[in-house]
Amino acid sequence: MRRIIAVLSISLAASSAALAQNNTPRNLILFVPDGLRALKVTPETAPALAALRDKGVNFKNPHSLFPTFTMPNSSAMSTGHHLGDTGVFSNTIFTGYSVGPASSSMTPFLENDPVLGDVDDHFGHNYVNEETILLAARKEGYSTAAVGKLGPTLMFDHTDRTGAKTIIIDDQTGAEKDGKLLGIPLSDATKAALTAAQLPLAAPSRGENGKAGDSEKPGTTVANVDQQKYFTDAVTKAILPMFKARNKPFVLVLWSRDPDGTQHNQGDSLGSVTPGINGPTSLAAIKNADDNLAQVQQALKDLGLEATTNIVVAADHGFSTISKETSTSPAAKAEYKGVPKGQLPPGFVAIDLSKALNLPLFDPDSKNAPVADGTYPRLANGLIGKDASAPDVVVAANGGSDLVYIPKKGKKVDKDLARKVVSALIQQDYVSGIFVHDSFGLIPGTLPMSAINLKGNSVTPAPSIVVNFRSYATDCGEPLLCGVEVADTRLQQGQGMHGNFSRADTMNFMAAIGPDFKTEYVNQLPVSNADIGMTISQIMGLKPTSTGGLVGRVISEALPNGITPKATAGRLVSKKPAEDGTRTVVQFQNVQGQRYFDAAGFPGRTLGLDATETANAKK
Ligand SMILES: [Zn+2]
């Protein structure tokens, strides 16, 4: 840890020199096209994004943090810390207590403002345990706003829920339940600005775009146009003019749900892994996000803010098409309503572990009701054990990877139980890579969570086991654009998912342009979403307080006069193989002591993981 901090301060010093040229910080907009794959951006598919990348900084070697989900990566961008510090290990986590606004579930889905409020309250009023960049920015007296997709938007300033300091506009803005606002209130000034721009004070729903379909009815065939038009209009017609009038620096986040929401729900490929997420509806969603960015750029021009505003674009993760295939899973041998015969049902990890451990399964999202044979838990999460209120094993289902918790009973961790869970998972053909919390010691075939930056200063319960699923590519010319992954989800085979440790999911789109960035610069060095938080802090002169040491690096090579460090490549391999010879392998790059994880899993079962080379790996 000390080495990481020492190296970091060198790079800070180097880029401080670069920054010294300009005394007043400029403005910064972080635009997040959720789930946009780096290689999918071309002048044809996304002209504004392609132009920004080619005129500014092109991050050719980008990295989403694993688990490659939205909330974890939002926590990294908003704090500059890796997930071992932020404790946002996935979109759905085990909190160890019943979360009221999540139907009293112990495994809440975090993309929800009341849920985030409840979890914050429970964990010392800041469940991320780090200060965010928007909080640091408003402490400097800057104007701040976060607008867009529910969940990751609020993450940027989640501890103040008054709406008086940072403007928060998301899906829940203006929505009420039992006479109480669900979202963050709008201040009088924000209300006035929206009204003057002839915009309503409540966000529209996703409408047709929100429809995921089922095993017989295809999902949506439209992008999330109307809702995102509202968010983008709020930024360009209300917030930016207000910020300009204040004549102070600003930091603004616009989180575009597209292409993610559409790629998940699209109805172009029901039951089939081709075209999967490369059909017309997904392409329309990429164009929708691109149109939103273009509108923001036009507004900056019109307001005379273009020359003083940096735009950083970072997708939270890549994307893949869903497979539900298996030949080993006991869960897939039963028949379920709404699940094609032989396919993995939602909750297959919970069902398979319950069978392997010979313990009952309960549904945390149905008031802990028992899960009967031939049915699956409602949201795929599971509580395993004789007592649902004190489970032996908890599965938080997420998609391309799941979290497994073994809550402590008494003081000791249950190492035997962890070994049993690992051995059950290793026998399944849908598994590719297992990471175990360091407190369980070395378990053959696995790697410790600390190896992938998942062990730090977090205050939420740490998962005991992170299980990654199998991935591969269909034949489409560019394998990373045709990723397919097994996913634990209610969505269907042929729809979209992420969260996996394949390169298709770790390779997010990243680019930047503006007065504090180099122009026409192609950056070959690895960068990550934790680096985004650190680099924004550096450019804007922010000093968020830090409790953990798992921080990203300032991307100095992308800044004028910044130093260009060197990168090396490396591999981590389980010290001991499992009984059948299986080892978990991680492929990474290294810059200044900072590791960038490209892909991980069992060689031959993860897209982007070098199977031939790793087969000979010794350790
Ligand atoms: Zn996302």
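To be clear, the structure that these remarks concern was listed above.
Trainee: Now, about helix H12 (residues 348–357): what can you tell me, with residues and values included?
Mentor: Three- or four-residue spacings in an α-helix give side chains the same orientation, since the helix completes a turn every 3.6 residues. Of all 10 residues making up H12, 8 are buried, and the element is well covered by its neighbours. Listed as buried for H12 are Phe 348, Val 349, Ala 350, Ile 351, Asp 352, Leu 353, Ser 354 and Leu 357. In the segment just after H12, Asn 358 is the residue with positive phi, at about 55°.

Trainee: Just give me the short version of a positive patch on the surface, but keep the residues and values in it.
Mentor: Together, Lys 412, Lys 415, Arg 419 and Lys 576 give the surface a local cluster of positive charge. Mapping Lys 412 onto the fold places it in the loop between strand S15 (401–405) and helix H13 (415–426). Taking relative accessible area as the criterion, Lys 412 reaches 70% and is therefore assigned exposed.

Trainee: Outline the side chain of Thr 236, listing residues and values.
Mentor: Within the secondary structure, Thr 236 is located in helix H9 (residues 225–246). Side chain to side chain, Thr 236 and Gln 295 meet in a polar contact 3.0 Å long. Those residues within four positions of Thr 236 in sequence are excluded, and the remaining contacts are Pro 241, Gln 295, Val 296 and Ala 299.

Trainee: Before we move on, can you summarise the sheet that holds strand S25 (residues 567–573) with the specific residues and values?
Mentor: One open sheet holds the 3 strands; their spatial order is S25-S26-S27, and the pairing between them is antiparallel. The open sheet has two edge strands, S25 and strand S27 (594–601), and neither has a second partner. Strand after strand, the sheet turns through a mean of 25° between neighbouring axes, direction not considered. Looking at chain direction, strand S26 (residues 585–591) and S27 are connected through 7 bridges and run antiparallel. Across the sheet, the residue bridging to Val 585 is Gly 601, located in S27.

Trainee: Lay out the coordination of the zinc ion in plain terms, naming residues and giving numbers.
Mentor: At 1.9 to 2.1 Å from the zinc ion lie its protein donor atoms, namely Asp 34 (OD), Thr 70 (OG1), Asp 316 (OD) and His 317 (NE2). Every donor counted, the 4 donor atoms about the zinc ion form angles of 95 to 141° at the centre, which fits irregular coordination. Counting along the primary sequence, the residues that act as donors to the zinc ion give the motif D-x35-T-x245-D-H. Taken as a pair, Thr 70 in helix H3 (residues 70–79) and His 317 in the loop between strand S9 (309–314) and strand S10 (320–323) lie far apart in primary sequence, 247 residues in all. Of the residues examined, Thr 70 reaches a relative accessible area of 1% and is grouped as buried.

Trainee: Just give me the short version of the state of the cysteines, but keep the residues and values in it.
Mentor: Under the criterion given, the structure shown has 1 disulfide. Each sulfur of the disulfide joining Cys 476 and Cys 482 lies 1.6 Å from the other. Classification of the bridge connecting Cys 476 and Cys 482 rests on its S-S torsion, roughly 100°, and on that basis the disulfide is right-handed.

Trainee: Now, about unusual backbone geometry: what can you tell me, with residues and values included?
Mentor: At the junction of Phe 66 and Pro 67, the peptide bond is cis and its omega measures out at -5° in the coordinates. Structurally, Pro 67 can be placed in the loop between strand S3 (62–63) and H3. In the segment running from Asp 258 into Pro 259, the intervening peptide bond is cis, with an omega of 5°. Along the chain, Pro 259 falls in the loop between strand S8 (250–256) and helix H10 (260–265). Positioned with a positive phi, Lys 367 is a non-glycine residue whose angle comes to about 55°. Relative to the helices and strands, Lys 367 resides in the loop between strand S11 (361–363) and strand S12 (369–370). Located in the positive-phi region is Asn 453, a residue other than glycine, with phi close to 65°. Structurally, the position occupied by Asn 453 is in the loop between strand S17 (447–448) and strand S18 (465–469). Accessibility expressed as a relative area gives 15% for Asn 453, which makes it buried.

Trainee: So what's going on with the packing of helix H8 (residues 188–196) against H9? Which residues, and what values?
Mentor: Between H8 and H9, the least distance of the axes is 9 Å, while the angle of their chain directions is 110°. Accordingly, the angle class assigned to the pair H8 and H9 is roughly perpendicular. Once H8 is placed against H9, the crossing between them reads as right-handed. In this structure, H8 contributes Ala 189, Thr 190, Ala 193 and Leu 194 to the contact, and H9 contributes Tyr 230, Ala 234, Ala 238 and Met 242.

The rules behind each value
- Residues numbered from 1 in each chain as written.
- Predicted model: local features only at pLDDT ≥ 70, side-chain atom pairs only at ≥ 80, totals over all residues.
- Heavy atoms only, no water.
- Buried < 20%, exposed > 50% of the residue type's maximum accessible area, 1.4 Å probe, protein only.
- Helix = DSSP H or I, 4+ residues; strand = E, 2+ residues; numbered from the N terminus.
- Patch = residues over 30% accessible without salt bridge, like charges linked within 9 Å, V, L, I, M, F, W, Y side chains within 5 Å.
- Areas by Shrake-Rupley, 256 points an atom, 1.4 Å probe, with all protein chains shown as cover.
- Salt bridge = Lys/Arg side-chain N within 4 Å of Asp/Glu carboxyl O.
- Lys, Arg positive; Asp, Glu negative; His and termini not counted.
- Charge placed at Lys NZ, Arg CZ, Asp CG, Glu CD.
- Polar contact = N/O pair within 3.5 Å; in protein donor to acceptor, adjacent residues only side chain to side chain.
- Contact = heavy atoms within 4.5 Å.
- Pairing = 2+ DSSP bridges.
- Axes fitted to C-alpha atoms, helices over the stretch in contact; angles between N-to-C directions.
- Donors = N, O, S within 2.8 Å, 3.2 Å for Na, K, Ca; no water.
- Tetrahedral: all angles 85-135°; square planar, octahedral: opposite > 155°, others 65-115°.
- Disulfide = S-S within 2.5 Å.
- Parallel < 35°, antiparallel > 145°, perpendicular 65-115°, else oblique.
- Left-handed = near helix turned anticlockwise from the far one by under 90°.

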